[in-house]
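A structural walkthrough
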2 protein chains.
Amino acid sequence: MTQRQRRKPGETRDKLMEAALTLVGKGRHFASLGIREVTRQAGVVPTSFYRHFRNMDDLGLQLVDQLGLVLRRMMREARGNVLQADKLIEESVTIFISHVEANRSFFFFMAQGLAGESRAVQDAIRSEMRFFASELANDLRRMRLAEHLSDGDLELTCDLVVRTVAFTLTDLLNVAPDDDYQIDQIRQRTARFLQLIFVGAAHWNSRTQAGNS
Amino acid sequence: MTQRQRRKPGETRDKLMEAALTLVGKGRHFASLGIREVTRQAGVVPTSFYRHFRNMDDLGLQLVDQLGLVLRRMMREARGNVLQADKLIEESVTIFISHVEANRSFFFFMAQGLAGESRAVQDAIRSEMRFFASELANDLRRMRLAEHLSDGDLELTCDLVVRTVAFTLTDLLNVAPDDDYQIDQIRQRTARFLQLIFVGAAHWNSRTQAGNS
DNA sequence: ACAATATGTGAACGACTGTACACATTGATG
DNA sequence: CATCAATGTGTACAGTCGTTCACATATTGT
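Residues numbered from 1 in each chain as written. Chains lettered and ligands numbered in written order. Predicted model: local features only at pLDDT ≥ 70, side-chain atom pairs only at ≥ 80, totals over all residues. Heavy atoms only, no water.

**What to know about the pattern of salt bridges**
Rules: What counts as a salt bridge is simple: a side-chain nitrogen of Lys or Arg found within 4 Å of a carboxyl oxygen of Asp or Glu. Strands are runs of DSSP state E lasting at least 2 residues, helices are runs of H or I lasting at least 4, and numbering of each runs from the N terminus. Each residue is placed in one exposure class: buried if its accessible area under a 1.4 Å probe, protein chains only, is under 20% of its type's maximum, exposed if it is over 50%, and partly exposed if it falls in between.
Within the structure shown, the criterion is met by 26 salt bridges over all chains. For A:Asp171, the salt bridge identified is with B:Arg126, shortest N-O distance 2.9 Å. Note that A:Asp171 is positioned in helix α8 (residues 151–173) and B:Arg126 in helix α6 (residues 119–142), a pairing that runs across two chains. Comparing A:Asp171 with B:Arg126, the two get one shared label, buried. For B:Arg79, the salt bridge is made with B:Glu135, and the minimal N-O distance between the two is 3.2 Å. Pair noted here: B:Arg79 is in helix α3 (residues 56–81) and B:Glu135 is in helix α6, with a separation of 56 residues, a long-range link. The partly exposed category is assigned to B:Arg79, whose relative accessible area is 32%. Each of A:Arg126, A:Glu155, A:Asp159, A:Arg163, B:Asp171 and B:Arg189 takes part in salt bridges that share partners, so that together they form one network.

Below, the structure is given as structure tokens:
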């Protein structure tokens, strides 16, 4: 790295990924995108695609990697802003939704990928969700909010929380980005979902799932 | 209806819908299917497609209608077989999973459609889920299992239940159809999710969501 | 029996697709 | 400066796409 290059490396690469995201953000499904279409949107000649990706699945996988960064940024912000336990759920949901609004296309892509065409992308997204759930479990442990739960039960709870929030994406997908009223409805509903789950977790030990006679 | 026709009406129509489902069952995403591809799979000439559907979205919508029938059949079986309350969750989840295995492609299509390309299909599937949730609420009321919950809270709970079960589809999607061990794991995990939710619902009134100071 | 309608077939079109190849340009390294 | 690898461009080709049209066949209504 002697000098900065005039054309930064990966410039076209980024343009291609952004182009794919843009198309997804416009309502297209990732599985229906073609190489030519993406390169056209990126303002690049079709052959350039192969300089950076082997095929569309490859591009999808690299998008998941970038999605991971977005998720980690969101986690960091949540950890910094959610300090008092009583408003934990509301604030977390608010932060989540604001990140979805700020990176709408990314989360569209995530929602699509969960039932997408590429097995590899599917697995990658599910892996991100697992990581997210385990981090959530760590945080709850650290905040002494789950002391009566076994590791397995806490993991179960966090998995359910992450799934519930992830499903919210399909709700947000269906409303206009500027429909603040509807978005607020979704926010409140999601918060109540999580409250319901946490109430269940709080009373979980009293009727353990082992015996149910 | 004077006599039975040699070629039943809608024969090709059914073949086309089955063909689309078959392709989806093979891992393809509905949004990436083309008219020619579907007609080829159905063993029909491409032009025949237009005799029955205006475009692929139209076919998707009619698939959702058929999916509705599958869901209603499943509901009827659940209502008939789940009589005692103590095993309600386990039995319901078992019935659900068996129906998913029996109509794998249909539920694949449903999971895809939730974040699919066609807004109309999206809405149709979400509408089916709402109907399912409201029927579930009715059943719980009838079985006197939710007497302490307000209508709104019961609806909230059932919505969360339906979402959780629907998310299971992405899990079932990722395991081989004959991997009984993994499927049983998913079944147990889903049952525990629902137990957690119902425990939360049972203790919901003690910390109503209205005031949280 | 006859007309009308619904359904299936075949050929054809222009547009678009993925991909390969040869070539130009760039930045880094000797 | 010479060379090399990385990256971007233009051309080309064979295959597929959606869609139209004219035509054959089968079923229905009168």
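**What to know about the packing of α3(B) against helix α5 (residues 104–114) of chain B**
Residues and elements named next belong to chain B. Put simply, the test is: Axes, fitted as lines to C-alpha atoms, cover a helix only where it is in contact. Angles between the N-to-C directions of the axes lie from 0 to 180 degrees. Geometric relationships in this document are graded by angle, where less than 35 degrees denotes roughly parallel, more than 145 denotes roughly antiparallel, 65 to 115 denotes roughly perpendicular, and other angles denote oblique. The crossing is said to be left-handed when, going from far helix to near helix, the turn is anticlockwise and less than a right angle, and right-handed when the turn is clockwise. Contact definition: two residues touch when any of their heavy atoms are within 4.5 Å.
Closest axis-to-axis distance for the α3/α5 pair is 10 Å, and the angle between their directions is 120°. Considering the angle they form, α3 stands oblique to α5. The crossing of α3 and α5 is left-handed. When α3 is examined against α5, the residues Gly60, Leu63, Val64, Gln66, Leu67, Val70 and Leu71 are found in contact with a partner set consisting of Phe106, Phe107, Phe109 and Met110.

**A short note on the environment of A:Tyr50**
When you line up the elements, A:Tyr50 lands in helix α3 (residues 49–52). Exposure remark for A:Tyr50: the relative accessible area of 52% places this residue in the exposed category.

**Section: the UniProt feature "DNA-binding region" (unreviewed entry) in chain A**
What counts here: UniProt positions are given in the numbering used here, feature names are shortened, and annotations may be inferred rather than shown by experiment.
Taking the UniProt record as the reference, the feature "DNA-binding region" (unreviewed entry) is found at residues 34–53 of chain A. For the annotated span residues 34–53 of chain A, helix accounts for 60% and strand for 0% of the residues, and the straight-line distance between the end C-alpha atoms is 13 Å.

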